[in-house]
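Coordinate analysis (summary)
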Amino acid sequence: MKGKSKPPWITWRRLSQVLFLLLFFILFIKTDYNGTDEIPYAVNILFRIDPLVAAAAMLAAKAVIAILLPALIVVALTLLLGRAFCGWLCPMGALIDFCRRWIRPRANQPRPGLRRIKYVLLALVLTGAFFGLPVVGYFDPFSILVRGFATSVYPAANGAVTEFFTVTYKSAPAWVNAVTEPLYALLKATILPFKQKLFTLSLLSLAMLLAVFALEKLERRFFCRNLCPLGALLALNSWFSLMRGRAADTRCGDCRLCERICRMNAIDGEKRISPEACILCMECVDRCPQEKIAFGFDRPAPKPAFAGMPRRTFVAALVSGAVLPAFLKTRTIAAVPPPELVRPPGALPEPEFLGRCVRCAECMQVCIGNALHPAFLEAGMEGVFTPRLMARVGYCEYNCTLCGQVCTTGAIRPLPLAEKQKTVIGLAIIDKNTCLPFAKGVPCIVCEEHCPTPDKAIKFRMATVLNERGESVRVKQPYVIDRLCIGCGICETRCPVAGRSAIVVTSAGESRHPEIGGGY
């Protein structure tokens, strides 16, 4: 626009997006082990202010969750200003906007009918949460964003950086290492994780995140316009917002610039700005040749049309969310829980845990031992991406309580260290067919050595067995004392047997359902 080299609104919005995106990355990096058993920052603030997560978690819990009440601030902001959160604060929206340089839509043809999808998803998420079909973690933008970064992007970036500095350390001349080694030390102390971690479903989490950006090829802010249930919730609130945009003016003539540049297709052919769709990016205000577009607290007339969704579709979404949970209870998993599904210490009883967990993966990121991984179908289709212990990969550190500290919704209760150390999450079982002292007469005390409980849960009996050469030898054969084992899994992690461990942790006897020997 002539005479406006620095559009003020666009500049302020981009500055806001950069600052909140920077805040997101800082808090994300701080969601990692820092040498102490305490998280000093509110690293989960993004989920605390997420109205969709708050509504779904409270509906699932049938109770008010105090830590999620800050989400009311975003609701109040929306009632005052409209969907400013989506345009100015949301880190997912900021990343989408910043990637536009590389991902441009083929044609910005509006698809108003697709807008209704987000309302269907919103109805399904909230109704399902109340009746026992927890799916908010599959659609909430912050869950998709944080999970993708925590289980895929961040570990991959750390691996690439570490590999680079390993090559320079081994192959580069001394003068290069004089620069690279201090630089690597600085990165390790600031932005790189405590240790390299591996996760199951990392590629699936990455694919879901990338899909949000790939959809930009169809139209700008496709996810925000059509799929985001959080956006739908804010759109419903913004319909009652006090501040509205006014675009229509007789001097506009045939100019359609504001319609063409609107990233949310919020301006219709009659120059009416829909508060439901508008995210207050202010690009139309700054680029209007007549400078006639403005936002204020008066109500423009006529009112723009509300996209909403057909009554039948709305009812179908509600019914689906209410009826589908009944079918989930017909599966064998409801009566015979899989023994490999070991939940972190402090996890609520399984149905309540599934209802509250938003699949954000913050507990997995902060886990010192790389013990927590996204579940696939072990907990059913509604339990995908929920945390489970994979003791062959990593173990639950005996002196760590971090996973409960970062859980926003209380799906994992924060436990004092003394209580955590007594919390039983599973039970170790020895496989005598592969355990070295049993199967081959080879001395091995690794599991007992690493058992962290003050009174070892793994002890020995002396036995005389034949080794592989047919010689009679005396060896210590381990056995597990059930009442002492807490299921931390370090014995399985450290077991020297190749492949499947000779000692395996199952969910048997876990504290949250001790009356059920086989798990929850």
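See the structure printed just above.
Residues numbered from 1 in each chain as written. Predicted model: local features only at pLDDT ≥ 70, side-chain atom pairs only at ≥ 80, totals over all residues. Heavy atoms only, no water.

Regarding its fold elements, the chain presents 23 helices and 8 strands. Counting only C-alpha atoms and orienting by the principal axes, one finds that the chain spans roughly 100 × 65 × 40 Å. Going through the 520 residues of the chain one by one, you find that 53% of them count as buried. In the chain, of all internal contacts separated by at least 6 residues, the share reaching a separation of at least 24 is 75%. Looking at the chain as shown, the accessible area adds up to about 24200 Å², and 65% of this sits on carbon and sulfur atoms. Looking at charge distribution, the chain has the averaged site of its 62 positive side-chain charges lying 6 Å from that of its 38 negative ones. (Helix = DSSP H or I, 4+ residues; strand = E, 2+ residues; numbered from the N terminus. Buried < 20%, exposed > 50% of the residue type's maximum accessible area, 1.4 Å probe, protein only. Contact = heavy atoms within 4.5 Å. Areas by Shrake-Rupley, 256 points an atom, 1.4 Å probe, with all protein chains shown as cover. Lys, Arg positive; Asp, Glu negative; His and termini not counted. Charge placed at Lys NZ, Arg CZ, Asp CG, Glu CD.)

So, on to the packing of aromatic side chains. The final tally for this structure, using the stated rule, is 13 aromatic pairs. Pairing F25 with F149 gives two aromatic rings, centres 5.6 Å apart and planes at 65°, and the pair type is edge-to-face. A residue pair is termed long-range when its members are at least 10 positions apart, and F25 in helix 1 (residues 8-30) and F149 in helix 9 (residues 141-171) qualify at 124 residues. Given the relative accessible area of 27%, F25 is considered partly exposed. (Phe/Tyr/Trp six-rings, centres within 6.5 Å; stacked < 30°, edge-to-face > 60°.)

Quick look at the pairing of strand 8 (residues 503-506) now. Side-chain alternation along strand 8 places I503 and V505 on one buried face and V504 and T506 on a second face that is also buried. Strand direction decides the pairing type here: strand 5 (residues 427-430) and strand 8, joined by 4 bridges, are antiparallel. Opposite L427, over in strand 8, you have T506 as the bridge partner. (Pairing = 2+ DSSP bridges.)

Another point: the side chain of E283. Relative to the assigned elements, E283 resides in helix 15 (residues 283-287). On the basis of relative accessible area, E283 is assigned to the buried category, the value being 11%.

Moving on to helix 6 (residues 91-98). Burial of helix 6 is extensive: 7 of the 8 residues sit out of reach of the surface. Looking at helix 6, one finds that the buried residues are P91, M92, G93, A94, L95, I96 and D97. Buried residues belonging to helix 6 abut helix 1, helix 2 (45-48), helix 5 (84-89), helix 9, helix 11 (202-214) and helix 12 (222-227).

The grouping of F314, V315, V319, V323, L324 and F327 at the surface amounts to a nonpolar patch, some 510 Å² of accessible area in total. Position of V323 among the secondary structure elements: in helix 16 (residues 311-328). Overall, V323 belongs to the partly exposed group, its relative accessible area being 37%. (Patch = residues over 30% accessible without salt bridge, like charges linked within 9 Å, V, L, I, M, F, W, Y side chains within 5 Å. Salt bridge = Lys/Arg side-chain N within 4 Å of Asp/Glu carboxyl O.)

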